[in-house]
Amino acid sequence: MSSTLKRTPLAEAHVASGARMVDFGGWEMPLAYGSQLEEHHAVRRDAGMFDVSHMLNADVAGPDAMAFLQRLVANDVAKLTVPGKALYTCMLNPQGGIIDDLIVYFFAADQWRVVVNAATADKDMAWMQRVAGAGGFDVAITPRRDLAMVAVQGPNARAKVWAARPAWQAATEPLPPFVAALLEDDTLVARTGYTGEDGFEIVLPAVQVVQLWNDLVAQGVRPCGLGARDTLRLEAGMNLYGQDMDELTHPDQAGLTWTVSLKNAGRRFVGRDALEQFAQPCGFVGLKLQDRGVMRAHMAVHTPNGLGEITSGTMSPTLGVSIAFARLPPGVQPGQLVEVDIRGKRVPAQVCKLPFVRHGKAVEHP
């Protein structure tokens, strides 16, 4: 492994546990600790955890913080009125392309937090500073690399977190989905995740994360790597930046129209003009392979309306068939059969809505 890769505060714990480490966006991260399949099933059936400390938390504070975020992101942060409430959104360039997808947390009118992807963090911080400067916003944007982040996911995840940290239960048990609690000692516990299961994403001082990780292991929470994280997010219908979307992709080309708010005509967020001017009709859908084989990114999809392309594909451990996300021509409907080019052979696949799995169970599709 290259010595130039960045490492999270949990890197030594991963190596000590026998994890296979890989380069992920310039970070040395665990791919799996043994069986990727068992890690996947642990999250669907019990509780698993992921080191997501490579992602960047950044505080956004100041009298113009809300106005700045209204300009910066495509969703409307004015929806956030309850402290701790979170919003998923995209940050766009002037052409309407996705610079990154991120979560915004509201704590007060002058106190917010954004969580951005690891591989885009430096680019994101530079863009945020640029937008703040261009708009003359009185706002401070502070990257928090002093913090670490662990996602604990699965039907038993919350109970096992409380077993490891009983003092957190009173503040976090009442949390509805997509809301966080700010606890003492700069700790944030959010009922969010990237797996389609219940659980928490926990942000805490980096110096405390190894102890938390070990205490969760003691409660039977299984460490999981990037391999299981990818199959879980695909089953849950959740995009991966750089794979399903990038700076050349409009939100509606990635199934993310729901993350764009155009209701307030006076809120001229970056990229709005391009979205309003250039509609990009496209179907971003799921595919289930009807025969043997595994669908992968960039495979061609033959439809009655023309060619499409797979953006992400895998073998689904929960369903036992290959699943994929695909960008298809307009007019292709759920339930239709299309053909995926797998190494020169056209294999039938059924078009379906996303997600494939919800709360550990297969979603019935037409």
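**Student:** I would appreciate a short explanation of the sheet that holds strand E13 (residues 199–205) in the present structure.
**Tutor:** Within a sheet, each strand pairs with its neighbour through backbone hydrogen bonds, oriented either parallel or antiparallel. In spatial order, the strands read E11-E12-E13-E10-E4-E14; together these 6 strands make up an open sheet with mixed pairing. At either margin of the open sheet sits one strand with a lone partner, and together these are strand E11 (180–183) and strand E14 (222–223). Examined bridge by bridge, strand E4 (residues 48–51) and strand E10 (residues 147–153) share 4 bridges and lie antiparallel to one another. Bridge pairing in E10 links Met49 to Val152.

**Student:** Which parts of the structure should I look at to understand empty space enclosed by the protein?
**Tutor:** Over the atoms, a rolled probe matching the size of one water molecule traces out where space is still vacant. All chains considered together, the criterion is met by 1 cavity of 30 Å³ or more. The computed volume of the largest cavity comes to approximately 30 Å³. Looking at the lining of the largest cavity, the elements with two or more residues in it are strand E3 (27–32), E4 and helix H8 (226–235). Partitioned by chemical class, the residues of the lining of the largest cavity number 5 nonpolar, 1 polar and 2 charged.

**Student:** Would you mind going over the environment of Gly220 with me for this structure?
**Tutor:** Take Gly220: it is sitting in the loop between helix H7 (209–218) and E14. Along the backbone, Gly220 and Val301 are 81 residues apart, and their C-alpha atoms lie at a distance of 42 Å. Here Gly220 is in contact with Asp46, Ala47 and Lys160, once residues within four sequence places are set aside.

**Student:** Please explain the layout of surface pockets as it appears in this structure.
**Tutor:** One number sums up the size of the second largest pocket: a volume of about 190 Å³. Lining the second largest pocket we find Arg165, Ala167, Trp168, Leu183, Glu184, Asp185, Thr187, Leu204, Gln208 and Leu212. Each residue belonging to the lining of the second largest pocket can be placed in one class, and the counts come to 5 nonpolar, 2 polar and 3 charged.

**Student:** Explain the sheet that holds strand E1 (residues 6–7) to me, please; I cannot follow it from the model alone.
**Tutor:** Reading across the sheet, the 3 strands line up as E1-E3-E2 and stay open at both edges, with mixed pairing between neighbours. The open sheet has two free edges, formed respectively by E1 and strand E2 (20–24), since each of these has just one partner strand.

**Student:** What is the right way to read the nonpolar core from this model?
**Tutor:** Soluble, globular proteins show a tendency: their nonpolar side chains are buried together. Core analysis: the biggest nonpolar cluster contains 31 residues, and Phe50, Leu92, Ile98, Tyr105, Met245 and Leu256 have the highest contact counts within it. Once you skip the residues sitting within four places of it in the chain, Leu92 turns out to touch Leu72, Ala74, Gly97, Ile98, Ile99, Trp127, Pro251, Phe269, Val270, Gly271 and Leu275.

**Student:** Would you take a moment to explain unusual backbone geometry for this structure?
**Tutor:** Excluding glycine, residues mostly have negative phi values, and the peptide bonds linking residues are mostly trans. That bond from Leu354 to Pro355 is cis: its omega, 5°, falls within 30 degrees of zero. For Pro355, the location among the structural elements is in the loop between strand E20 (345–352) and strand E21 (357–358). In this structure, Arg343 is a non-glycine residue whose phi angle is positive, near 50°. Secondary-structure assignment places Arg343 in the loop between strand E19 (337–342) and E20. One non-glycine residue, His359, lies in the positive phi region at around 55°. Residue class for His359 comes out exposed when judged on its relative accessible area of 59%.

Basis of the calculations
Residues numbered from 1 in each chain as written. Predicted model: local features only at pLDDT ≥ 70, side-chain atom pairs only at ≥ 80, totals over all residues. Heavy atoms only, no water. Pairing = 2+ DSSP bridges. Helix = DSSP H or I, 4+ residues; strand = E, 2+ residues; numbered from the N terminus. 1 Å grid on protein atoms, 1.4 Å probe; cavity = no way out; pocket = protein on both sides within 12 Å on 5 of 7 lines; lining within 4 Å. Points joined across faces, edges and corners; volume = space filled by probe spheres on them. Nonpolar A, V, L, I, M, F, W, Y, C, P; charged D, E, K, R; others polar. Contact = heavy atoms within 4.5 Å. Core = buried A, V, L, I, M, F, W, Y, C linked by side-chain atoms within 4.5 Å. Buried < 20%, exposed > 50% of the residue type's maximum accessible area, 1.4 Å probe, protein only.

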